[in-house]
Each structure stands twice: as structure tokens, then as C-alpha cells.
Amino acid sequence: YNSFHVANPERPLQNVRPQQNLSSERLSRREKMLDLLHSEFAGRVVGTELTAWQEMHSQALAFMNSSQLSVFDIGQEKPELAERFGNTAIGKSFLLALRLARAGIPFIEVTVGGFDTHQNNTARMESILKDLDPALAALTAELDSSGLFKQTMLVLGSEFGRTPSLSANGDGRDHYPSCWTMLLGGGSFKPGHVYGESDERGQKILRDPAHLKDMIATIYLAAGVDPEGSLENSMGRPFPLVPEGKIISGILNG
């Protein structure tokens, strides 16, 4: 379940193919030669590390030779759709996320940085949000119109909020874990539903507080994962998914 990281949505498959212009026949001969060398070595050496490496190598070859790699090519989208997402790094990342969702990729993460605004908060927020807002609107609209939103859960959030008041430098906001919001949608989440309430400055929670562990437990349940379950490490030691996490009532259908 390791992830495949895309650093640049315009060049998502770097190092997947050789830099030299090799024919498919020549690549196939190279793969067979490598298999021959591996088989000779595996005949003399036995170990879990070798098995793990062989599995990784097979997965890499399967990925390289997949007929579905075109899903990473955002240039195949209609120009009018790409324009709605925006000709920005965020817009192109969200457009790629849409293509991956269409292809049935089970987990997609888009990281948007720059929110650690201890200084120059106003300008940085304006710069980020002017790219994020249209991209997010286009993504949700496309998921909804295609019917994919019914089977796709959207989670937009961060690990904490920012201070309601500007810091001493006059235009910065520091870390603030006491009160912040998340945007959830799609799947089994109720549309147009607002849970909880803060004061007008976003400083204090006035109604229905939700701890982050409760939010994570609810997300797990919405994704079809038992939030009371656990994972085991290689030594058999269990690790609970969400210790003491409680399901937030009223925000899920059913």
C-alpha cells in the first residue's frame, strides 16, 4: 500500500521510462536478462529481504508496463475543463486528482503548502486561495455531475488552525489548536450540513465541539473502516486505529 508520489502534475511519471529512446522489444530483452541474473542469485541465496525485493521489482515492472499510465496525462483533458481548474500548480494537481478518481484509485492526497503564516499572512492567503478556490469548486462539481461524489469522500483540513488575532509583527498568525474547521463531503456525508459553532472571531467553540480523534473515527467509518479496529506490527503488537475516538452524530447518512 505504499504511495506513488507525483511532484509535478505536468511531469508525473519521471524515471518510469528510460531516458534513452529504447524500443519495447529492447526493454523486454533487458527485463528478461535481469530476471536471469536474479534467478541465478536467488538459487544461491535465501532470505526475506530477497523475497521482498523481488516483489518490489515485479510491482515496479507491472507499473512501468501498465496500459493505464495515460491517466496521469492531464493534457488529455478538454481545454475548457482545465481552464476551470486553473493554470496553476494547485489547479493542475486537482485536475490530476479528478483523473485518478475516475480511474478508481482508492486513495488520493493533494498537498497544498504555504499556510504556516507566522508572517505576511494576508498576501500569502490571497495568493493560495485564489488558486485553491476555483480548483476545489471545479473538482467537486465534476465529481458531483459524474456521479462519482456518491462513492468519493472529500476531506479538506489541516492539523490545527491559526490564531484569531494577528501576531506582534502585525501581519502573522501563529499555531492555534483550540478551534478550527474542516470541510467534508461526498460519500455518506450529509450535504449542506454544518456541525458545531464558534464565536464570531473563531476563537472559542460555542456548540458541539468535536475532537480531532472523533473526526478521524468518523472519517474511518464513512470510508468503510472499523474505527475500533487495530493494526499489528511485525511483532504482532496491536495498535488501535483511533483510541477513544467517538463517531460524530448527525453528519452521516444512515
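Relevant structure appears above.
Residues numbered from 1 in each chain as written. Predicted model: local features only at pLDDT ≥ 70, side-chain atom pairs only at ≥ 80, totals over all residues. Heavy atoms only, no water.

Draft legend 1. Expanded view of the nonpolar core. Phe85, Phe94, Leu98, Leu139 and Leu143 are the most contacted members of the largest nonpolar core, which totals 25 residues. Sorting the residues of this core by element identifies helix 3 (79-85), helix 4 (89-102) and helix 5 (121-146) as the ones contributing at least two each. (Core = buried A, V, L, I, M, F, W, Y, C linked by side-chain atoms within 4.5 Å. Buried < 20%, exposed > 50% of the residue type's maximum accessible area, 1.4 Å probe, protein only. Helix = DSSP H or I, 4+ residues; strand = E, 2+ residues; numbered from the N terminus.)

Draft legend 2. Fine view of unusual backbone geometry. Residue Asp208 is not a glycine yet carries a positive backbone phi of 50°. Inspection of the secondary structure assignment puts Asp208 in the loop between strand 6 (205-207) and helix 6 (212-222).

Draft legend 3. Local environment of a nonpolar patch on the surface. Nonpolar side chains collect at one region of the surface, where Met33, Leu34 and Leu37 lie side by side and expose about 290 Å² of accessible area between them. Looking at the element boundaries, Leu37 is found in helix 1 (residues 24-42). (Patch = residues over 30% accessible without salt bridge, like charges linked within 9 Å, V, L, I, M, F, W, Y side chains within 5 Å. Areas by Shrake-Rupley, 256 points an atom, 1.4 Å probe, with all protein chains shown as cover. Salt bridge = Lys/Arg side-chain N within 4 Å of Asp/Glu carboxyl O.)

Draft legend 4. Up close: the packing of helix 4 against helix 5. Packing of helix 4 against helix 5 leaves a shortest axis separation of 8 Å and a crossing angle of 20°. As far as their axial angle goes, helix 5 and helix 4 are roughly parallel. Of the two possible hands of crossing, helix 4 and helix 5 adopt the one that is right-handed. Across the interface between the two elements, Ile90, Gly91, Phe94, Leu98, Ala101 and Arg102 from helix 4 touch Ile128, Asp131, Leu132, Ala135, Leu136, Leu139, Glu142 and Leu143 from helix 5. Among the residues making up the contact of helix 4 with helix 5, the classes are represented as 10 nonpolar, one polar and three charged. (Axes fitted to C-alpha atoms, helices over the stretch in contact; angles between N-to-C directions. Parallel < 35°, antiparallel > 145°, perpendicular 65-115°, else oblique. Left-handed = near helix turned anticlockwise from the far one by under 90°. Contact = heavy atoms within 4.5 Å. Nonpolar A, V, L, I, M, F, W, Y, C, P; charged D, E, K, R; others polar.)

Draft legend 5. Structural context of the environment of Gln14. Relative to the assigned elements, Gln14 resides in the segment before helix 1. Gln14 sits in the partly exposed class, given a relative accessible area of 41%. A sequence separation of 81 residues divides Gln14 from Leu95, and the C-alpha atoms of the two residues are 18 Å apart.

Draft legend 6. Spatial organisation of the packing of aromatic side chains. A full pass over the atoms with the stated rule returns three aromatic pairs. Summarising the aromatic geometry, the rings of Phe4 and Phe63 are spaced 4.8 Å apart at their centres and angled 45° between planes, so their arrangement reads as tilted. On the criterion of sequence distance, the pair formed by Phe4 in the segment before helix 1 and Phe63 in helix 2 (residues 48-64) is long-range, its members being 59 residues apart. In this structure Phe4 comes out as partly exposed when scored by relative accessible area, which is 41%. Measuring from ring centre to ring centre gives 6.2 Å for Phe63 and Phe72, while their planes differ by 70°; the resulting arrangement is edge-to-face. Its relative accessible area of 27% is what places Phe63 among the partly exposed residues. Ring pairs connect the aromatic residues Phe4, Phe63 and Phe72, which therefore count as one cluster. (Phe/Tyr/Trp six-rings, centres within 6.5 Å; stacked < 30°, edge-to-face > 60°.)

Draft legend 7. Spatial organisation of the pattern of salt bridges. With the rule as written, the count across this model stands at 10 salt bridges. The partner of Glu77 in a salt bridge is Arg102, and the shortest N-O contact between them spans 2.5 Å. Residue Glu77 is located in the loop between helix 2 and helix 3, and its partner Arg102 is located in helix 4; the two are separated by 25 residues in the primary sequence. The partly exposed category is assigned to Arg102, whose relative accessible area is 41%. In this structure, Arg162 and Asp116 form a salt bridge, with 3.1 Å as the shortest nitrogen-oxygen distance. Residue Arg162 is located in strand 2 (residues 161-162), and its partner Asp116 is located in the loop between helix 4 and helix 5; the two are separated by 46 residues in the primary sequence. Overlapping salt bridges bring together Glu77, Arg99 and Arg102 as one network.

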